[in-house]
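Residue strings, one per chain:
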Amino acid sequence: MTIKKLTRSIIKFYHFLSKNNYPNSLKLEGLKFDIIIHYLTWRCNSRCITCNCWQTSPTEQKKEVWNLDNIRKFYSTVKANYVYLTGGEPSIIPNFREIVEIIYKTSGASVSFTTNGLATKKIEEDLLWLKKRGIIFSLDLSCNGFEQKHDFSRGIIGNYQKILELINFCQSHKIYFTLSFTAFSFNLDEAIPFIDYWNKKGVEVTLGIARFDQRYKINENFKKDIIDDRDYPRILEKILKELCEKYPQYLPQYQLIKKINNNEKNFPCFGLVKRLVVGPYGEVFPCDGLVDKLYLGNLKESDFDFRKFIQSKEDRFKEVFNIIKEKRCQPCFYITDLLYGINLTLPKKDIIRILKKRFLVRIKKLFK
Ligand code: SF4
Ligand code: SF4
């Protein structure tokens, strides 16, 4: 079994190296995404100062389209290697675990989902339920620093302890998880110590860059703590530079911020080429920016059949592809999945360092 997994990893690694080219045109026939980011709901049980999803009215639930039938229809007609479920807080959806099961069984994609960990018991029950059914999934625990900073960011005392409980739970049940740290002004000083601390414990930390679009309206009372408009991008660049000395996997983020700070455009984004984003009400976009000018349509129009959706939207897909290819939607903090662009933006020696690191981490996991 381990040999099989190892072989698959080696194939994936070479596949990654060889296919990482940007296409001249978008081929809709047989289109397969590397990743679908699926926002199931905007509702949330948190009280974060960095985001107002939790203020979404409960009545919005009526507009959400992702019942089990629509999930099944969509995932049996779209091709993807990997599906990432997010929100809002996905675990608040009562039939969340059935959604994961259907996606896994109908699409064959690996499934991962984010959580703030607040509904700890329900999350643990869901995880065990999925594990018992042999569903392969992973968990992304959102954590913005050590106890004081994380609880400050959530607006809820005790959230960090719940994250620790979930970490213990995942470790004792051999459930794969990562921690995701989003860098704001107030927690930038903890980025390196936090990553160091969890790295020593063998836990991978992904680093996200704060988002400040309309969806993530920040609490006005804390604006100064969350982002200092003048200094944040430069300090972030400095910290990322330092971080990359030890952890080359953060080089793409560093490169992105550096270019944005210098007012330069990045490589053509892989949104739509390798990544698709779906919203709680059936909206489809090429990226998490969810910007109007890149809107592709609503899946309700094709009764959640993605093949029909593409057929009816051929011209729109091509139009959006051209905007992205010509970088007309940049500069952009959302530039999708930096992973794909690294060979277009980084020096060769850095790419090799990152790939080597990723490969070693994967191998280490297989033999754990
Ligand atoms: S940041 Fe996440 S946990 Fe916090 S309110 Fe927004 S969606 Fe909820
Ligand atoms: S560059 Fe930004 S706006 Fe354009 S597709 Fe990529 S993530 Fe979206």
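Preceding this section is the structure that the text describes.
Below: a short report on this structure. (Residues numbered from 1 in each chain as written. Chains lettered and ligands numbered in written order. Predicted model: local features only at pLDDT ≥ 70, side-chain atom pairs only at ≥ 80, totals over all residues.)

**Describing the overall build of the protein chain**
Okay, step 1: Each helix and strand in the protein chain was counted, giving 14 helices and 9 strands.
Okay, step 2: Burial status across the protein chain gives 37% buried among its 368 residues. (Helix = DSSP H or I, 4+ residues; strand = E, 2+ residues; numbered from the N terminus. Buried ≥ 20, exposed ≤ 12 C-beta atoms within 10 Å, placed from the backbone.)

**What to know about the site of ligand 1**
Okay, step 1: Neighbouring ligand 1 are the residues Cys 44, Ser 46, Cys 48, Thr 50, Cys 51, Cys 53, Trp 54, Gly 87, Gly 88, Glu 89 and Asn 116.
Okay, step 2: For the shell around ligand 1, the residue count by class is 5 nonpolar, 5 polar and 1 charged. (Near = placed C-beta within 6 Å. Nonpolar A, V, L, I, M, F, W, Y, C, P; charged D, E, K, R; others polar.)

**Description of the packing of helix 9 (residues 232–246) against helix 10 (residues 251–261)**
Okay, step 1: Here helix 9 crosses helix 10 at 150°, and the two axes come no closer than 9 Å. Between helix 9 and helix 10, the interaxial angle falls into the category roughly antiparallel. In the crossing of helix 9 with helix 10, the sense of the turn from one axis to the other is left-handed. Contact with helix 9, carried on its side by Pro 233, Arg 234, Leu 236, Glu 237, Leu 240, Lys 241 and Cys 244, involves Leu 251, Gln 253, Tyr 254, Ile 257, Lys 258, Ile 260 and Asn 261 of helix 10 and no other residues of that element. (Axes fitted to C-alpha atoms, helices over the stretch in contact; angles between N-to-C directions. Parallel < 35°, antiparallel > 145°, perpendicular 65-115°, else oblique. Left-handed = near helix turned anticlockwise from the far one by under 90°. Contact = placed C-beta atoms within 7 Å.)

**Points about the nonpolar core**
Okay, step 1: Judged by nonpolar contacts, the single largest core of 79 residues is most densely connected at Ile 36, Val 83, Val 100, Ile 103, Val 111 and Phe 181.
Okay, step 2: Among the nonpolar cores identified, the runner-up in size contains 6 residues, and Trp 42, Cys 48, Ile 49 and Cys 53 belong to it. (Core = buried A, V, L, I, M, F, W, Y, C linked by C-beta atoms within 7 Å.)

**Examining unusual backbone geometry**
Okay, step 1: Of note in this structure, Leu 272 is not a glycine but carries a positive phi near 80°.
Okay, step 2: By secondary structure assignment, the location of Leu 272 is in the loop between helix 10 and strand 7 (275–278).
Okay, step 3: Positive phi, normally seen in glycine, also occurs at Phe 304, with a value near 70°.
Okay, step 4: Following the sequence through the fold, Phe 304 ends up in the loop between strand 9 (297–298) and helix 11 (306–312).

**Overview of the packing of helix 7 (residues 191–200) against helix 9**
Okay, step 1: Two elements in contact, helix 7 and helix 9, have axes separated by 10 Å at closest approach and are oriented at 25°. Taken together, the axes of helix 7 and helix 9 lie roughly parallel to each other. Remark: the crossing between helix 7 and helix 9 carries right-handed chirality. Contact with helix 7, carried on its side by Ala 191, Ile 192 and Ile 195, involves Ile 239, Glu 242 and Leu 243 of helix 9 and no other residues of that element.
Okay, step 2: The class makeup of the residues in the contact of helix 7 with helix 9 is 5 nonpolar, no polar and 1 charged.

**Some thoughts on the sheet that holds strand 7**
Okay, step 1: In spatial order, the strands read 6-5-4-3-2-1-7-8-9; together these 9 strands make up an open sheet with mixed pairing. Each of the sheet's edge strands pairs with one partner strand only, and the pair in question is strand 6 (205–209) and strand 9.
Okay, step 2: Where strand 1 (residues 32–39) lies against strand 7, 4 bridges are found, and the strand directions are parallel. Residue pairing across strands places His 38 opposite Val 278, the latter belonging to strand 7. (Pairing = 2+ DSSP bridges.)

**Quick notes on the pairing of strand 3 (residues 110–115)**
Okay, step 1: Sheet topology places strand 2 (residues 79–86) next to strand 3; 4 bridges connect them, and they run parallel. Note on strand 3: the bridge partner recorded for Val 83 is Val 111.
Okay, step 2: Inspection of the sheet shows strand 3 paired to strand 4 (residues 137–142) by 5 bridges, in the parallel sense. Following the sheet pairing, Val 111 is matched in strand 4 by Phe 137.
Okay, step 3: Regarding the hand of the β-α-β motif, the stretch spanning strand 3, helix 4 (residues 120–132) and strand 4 is right-handed. (Right-handed = clockwise from strand over helix to strand, strands pointing away.)

**As for the pairing of strand 5 (residues 177–183)**
Okay, step 1: The two faces of strand 5 differ: Phe 177, Leu 179, Phe 181 and Ala 183 on one face are buried, but Thr 178, Ser 180 and Thr 182 on the other face are not.
Okay, step 2: As paired elements, strand 4 and strand 5 share 4 bridges and run parallel to each other. Looking at the pairing, Leu 139 lines up with Phe 177 of strand 5.
Okay, step 3: Examined bridge by bridge, strand 5 and strand 6 share 5 bridges and lie parallel to one another.

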